[in-house]
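As a plain string of letters, each chain reads:
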Amino acid sequence: SIVKCDKAYMLQNMAKVTDFTKPIPRGDMAELVVRAYENVTDFYIDEYDEHFSDVTSDYPQMAYALGLMNGTDDNTFSPDNFTTREAMAKILLTLFARVNNESPMLPNNPTSHFKDFDTVSEWAKPYVSEGDNMGLLNGYEDITFRPQDLVSYEQACVFITRAVKLRDAGGKTQWLSHACSHT
């Protein structure tokens, strides 16, 4: 199915994408999260260090400067590598916290209702646990998360739209549970 996101601005620079069911490369993921962050906060990053030597787009540098994504090593971003579901969990929790000027609130003893939680990498367990508890991460009908599966453009749009904020009276984020509709 094609997903319509209320925040379609996140995809406007990705005209080259013709199949949203294909896995999203890290470079495009960086663009999505930076554009979501900028739109939600009205803060546009214009100064950042050139940290990665393997990118031509500014978005990976910006995502790193904002603390939304890391490289695959000290000077490498690997923009053509794909994003796994467990990596997406970390990106989402970080984005959610960052737009509220907070750090991710991660459990000391991560747990999850997903049957395959034991297959989540140790570094990702707190993010998957908290994302599950918050209702940010959905699994599959068989109650699995499939942490090593690749995230498609479509899934990234849905995940990020869930993490994008609406301001309530207190200025904190509320979930956009209605943000995506399938047609």
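Residues numbered from 1 in each chain as written. Predicted model: local features only at pLDDT ≥ 70, side-chain atom pairs only at ≥ 80, totals over all residues. Heavy atoms only, no water.

Enquirer: Explain the overall build of the chain to me, and be specific about the residues and the numbers.
Expert: From N to C terminus, the chain includes five helices and two strands. A burial count over the chain gives 46% of its 183 residues as buried. Considering only residue pairs separated by 6 or more positions, the chain has 66% of its internal contacts joining residues 24 or more positions apart. Summed over all atoms, the accessible surface of the chain reaches about 9,500 Å², with 47% contributed by carbon and sulfur. (Helix = DSSP H or I, 4+ residues; strand = E, 2+ residues; numbered from the N terminus. Buried < 20%, exposed > 50% of the residue type's maximum accessible area, 1.4 Å probe, protein only. Contact = heavy atoms within 4.5 Å. Areas by Shrake-Rupley, 256 points an atom, 1.4 Å probe, with all protein chains shown as cover.)

Enquirer: Tell me about the packing of aromatic side chains, residues and numbers included.
Expert: One pass over the full model with this rule turns up five aromatic pairs. Seen in terms of ring centroids, Phe 20 and Tyr 153 are 5.9 Å apart; in terms of plane orientation they differ by 80°. Their pairing is edge-to-face. Of this pair, Phe 20 sits in the loop between β1 (3-5) and α1 (26-41) while Tyr 153 is found in helix α5 (residues 153-163), placing the two residues 133 residues apart along the sequence. What makes Phe 20 partly exposed here is its relative accessible area of 32%. Taking 6.4 Å as the distance between ring centres and 85° as the angle between the ring planes, the aromatic pair formed by Tyr 37 and Phe 43 counts as edge-to-face. By relative accessible area, Tyr 37 is classed as buried at 5%. Joined through ring pairs, the aromatic side chains of Phe 52, Tyr 64 and Phe 77 make up one cluster. Sitting above the plane of the Phe 145 ring, Arg 85 keeps its charged end 4.6 Å from the centroid. (Phe/Tyr/Trp six-rings, centres within 6.5 Å; stacked < 30°, edge-to-face > 60°. Lys NZ or Arg CZ within 6 Å of the ring centre and 35° of its normal.)

Enquirer: With reference to specific residues and values, describe the pattern of salt bridges.
Expert: Overall, the coordinates contain two salt bridges when judged by the stated rule. One salt bridge connects Glu 122 with Lys 125, and the closest N-O pair in it is separated by 3.0 Å. The exposure class of Glu 122 is exposed, given its relative accessible area of 62%. Here Asp 142 and Arg 146 are joined by a salt bridge, their closest N and O atoms 3.3 Å apart. Residue Arg 146 is classed as partly exposed on the basis of its relative accessible area, which comes to 31%. (Salt bridge = Lys/Arg side-chain N within 4 Å of Asp/Glu carboxyl O.)

Enquirer: Help me get a handle on the environment of Gln 61, residues and values and all.
Expert: By secondary structure assignment, the location of Gln 61 is in helix α2 (residues 59-65). In sequence terms Gln 61 and Glu 50 are 11 residues apart; their C-alpha atoms lie 6.3 Å from each other. When residues no more than four places from it in sequence are discounted, the contact partners of Gln 61 are Tyr 48, Asp 49, Glu 50, His 51, Phe 52 and Val 55. A polar contact is formed between the side chain of Gln 61 and the backbone nitrogen of His 51, at a distance of 2.8 Å. (Polar contact = N/O pair within 3.5 Å; in protein donor to acceptor, adjacent residues only side chain to side chain.)

Enquirer: So what's going on with the nonpolar core? Residues and values would help.
Expert: Of all hydrophobic cores here, the largest spans 42 residues; its most connected members are Met 29 and Ile 160. For this core, the secondary-structure elements that each account for two or more residues are α1, α2, α3 (85-99), α4 (125-134) and α5. The contact partners of Met 29, leaving out residues within four places of it in the chain, are Ile 24, Met 69, Thr 83, Met 88, Ile 91, Val 151, Ala 156 and Ile 160. (Core = buried A, V, L, I, M, F, W, Y, C linked by side-chain atoms within 4.5 Å.)

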